[in-house]
Amino acid sequence: MAAPPDMELSPSLSLELLPTDPLLLILSFLDYRDLVSCCYLNRRLNQLSSHDPLWKRHCKKYWLISDEEKSRRNQGWRAIFISTYCDLGRYIHYYATLKKAWDDLEQYLGQWCPRMIGSLKESVREEDLDAVEAQIHCKLPDDYRCSFRIHNGQKLVVPGLMGSMALSNHYRSEDLLDIDTAAGGFQQRLGLKQCLPLTFCIHTGLSQYMALESVEGRNKYEIFYQCPDQMARNPSAIVMFITGTSYLEWFTSYVNKVVTGGYPIIRDQIFRYVHDKDCVATTEDITVSVSTSFLPELSSVHPPHYFFTYRIRIEMSKDALPENACQLESRYWRITNAKGDVEEVQGPGVVGEFPVISPGKVYEYTSCTTFSTTSGYMEGYYTFHCLYNKDRFFNVTIPRFHMVCPTFKVSTA
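On a predicted model such as this, the values are computed, not experimentally measured, just so you know.

**Description of unusual backbone geometry**
And step 1. Backbone torsion omega between Val158 and Pro159 reads 10 degrees, so that peptide bond is classified as cis.
And step 2. The backbone phi angle of Asn74 is positive, close to 55 degrees, even though this residue is not glycine.
And step 3. By the secondary structure assignment, Asn74 is in the loop between helix H6 (67–73) and helix H7 (77–88).
And step 4. In this model, Val351 sits at a positive phi of 45 degrees, which is unusual for a non-glycine residue.
And step 5. Tracing the sequence through the fold places Val351 in the loop between strand S15 (342–348) and strand S16 (356–357).
And step 6. Take Val351: its relative accessible area is 46%, and that puts it in the partly exposed class.

Here's what the structure looks like:
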């Protein structure tokens, strides 16, 4: 079949004849790799793909370079992208996420925990990370390396960046280890083979570890708390309470919890209590809310003993009448484990105190409980008496709150 006459007369389409602006618009939708590839196709595309404004989007997307930083550097967008890529190119899929997490965390700490800012250490060089790999004879995951190109963990101080927990006779505060300290704690012993500590608490000796290889029943790059199996004959039997599947997920999820107010700040420290927004109950003018936390260092899988702490906030509305001021008289708890076994507890006050609540006032306290099952829940009520009418007693509902042990793996030893 012969081609239509109009097709036979059409001149061949030439890239040189196309106007510049539409071509630049098309190029602006390309990823940085495709933009680089265009440089090698022909002279026209080489010139167009070098157009500096095209690289602004990539600098912002991958390296979080602001207009202010560009001005300080006194370089073009393309030059900034290339120089940064030469330094951090292997981390291009992680850098923006981790840099934003660190920036958000620093901004939050500056407002709420300023003394913690001084404990953060400057970044390390590529050769420092390479030297650690040579020292431990294991490869470090790129997301972990990338984070240390931004901040080299923190100094061994209190409070720790990775959260605290305090009971009357127990205190934990975890530091994010710098790369040299982490390498010094690299494990080759049975039960923790090829595991690198990420955190450390100077009070308890507790660490969260990252498995650098898939050995002893662990997945590669899994992050966990160790828990010795007290019923095993083999002392190397280690059960894992899993806290993350990768460094990126572990670190960014923690930071997100911190900067969104998911963890309370108490005495200039981040406390790892989790609050369920639905776990709130209001009776008359008094609101009770509960947050909980699992303590791996006081728990064991064999024998089953799961330790939880909870923090309760009791608040009277600021709009309440002054004559509604009252004092907590007693408490009642109904505690149910995963098997449906119920225990009832009743007694005077809370943690040995009989707090007075008045309009706008808040009372908070911390207590703990244990379960022989991996989960359970508590609910109950407080009995108050009015200060201005001592014959009047009333109950204030404590909302049901659940406590669940994190996922764990039983030792293969």
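**Examining the packing of aromatic side chains**
And step 1. Counted under the stated rule, the structure contains 28 aromatic pairs.
And step 2. Taken together, the aromatic side chains of Tyr32, Trp55, Tyr62, Trp63, Phe81, Tyr85 and Tyr95 make up a single cluster linked through ring pairs.

**Regarding the UniProt feature "domain: ApaG" (unreviewed entry) in the protein chain**
And step 1. Residues annotated by UniProt as "domain: ApaG" (unreviewed entry) correspond here to residues 280–410.
And step 2. Helix makes up 0% of residues 280–410 and strand makes up 62%, while its end C-alpha atoms are separated by 35 Å.

**Things to note about the domain arrangement of the protein chain**
And step 1. Domain boundaries in the protein chain define domain 1 (19–90), domain 2 (96–257) and domain 3 (273–405).
And step 2. The gap between the C-alpha centroids of domain 1 and domain 2 is 35 Å.
And step 3. The interface is formed by six residues belonging to domain 1 together with seven residues belonging to domain 2.
And step 4. Buried area between domain 1 and domain 2, summed over both chains or domains, comes out near 560 Å², and the portion from carbon and sulfur atoms is 45%.
And step 5. By the criterion of area lost to domain 2, the three top residues of domain 1 are Leu64, Asp87 and Arg90, representing 76% of everything that side buries.
And step 6. Along the contact surface separating domain 1 from domain 2 lie three salt bridges.

**Describing the pattern of salt bridges**
Side chains bearing opposite charge may pair, as long as their charged atoms lie close to each other.
And step 1. What the rule picks out here adds up to 28 salt bridges.
And step 2. As a salt-bridge pair, Arg392 and Glu284 come within 2.9 Å of each other at their nearest N and O atoms. Within this pair, whereas Arg392 is found in the loop between strand S18 (375–386) and strand S19 (393–404), its partner Glu284 is found in the loop between strand S11 (274–283) and strand S12 (286–294), the two being separated by 108 residues in sequence.
And step 3. The class of Arg392 is partly exposed, set by a relative accessible area of 31%.
And step 4. The salt bridge partner of Glu379 is Arg400, with a shortest N-O separation of 3.1 Å. Taken together, the residues span a long stretch of sequence, with Glu379 in strand S18 and Arg400 in strand S19 at a distance of 21 residues.
And step 5. Here the salt bridges do not stand alone but share partners, grouping Asp87, Arg90, Glu126, Asp130, Glu133, Lys139, Asp142, Arg145 and Arg149 into one network.

Rules used in this analysis
Residues numbered from 1 in each chain as written. Predicted model: local features only at pLDDT ≥ 70, side-chain atom pairs only at ≥ 80, totals over all residues. Heavy atoms only, no water. Helix = DSSP H or I, 4+ residues; strand = E, 2+ residues; numbered from the N terminus. Buried < 20%, exposed > 50% of the residue type's maximum accessible area, 1.4 Å probe, protein only. Phe/Tyr/Trp six-rings, centres within 6.5 Å; stacked < 30°, edge-to-face > 60°. UniProt positions renumbered as here; feature names shortened; annotations may be inferred. Domains from an automatic or database assignment. Contact = heavy atoms within 4.5 Å. Buried area = accessible area lost by both parts, 1.4 Å probe. Salt bridge = Lys/Arg side-chain N within 4 Å of Asp/Glu carboxyl O.

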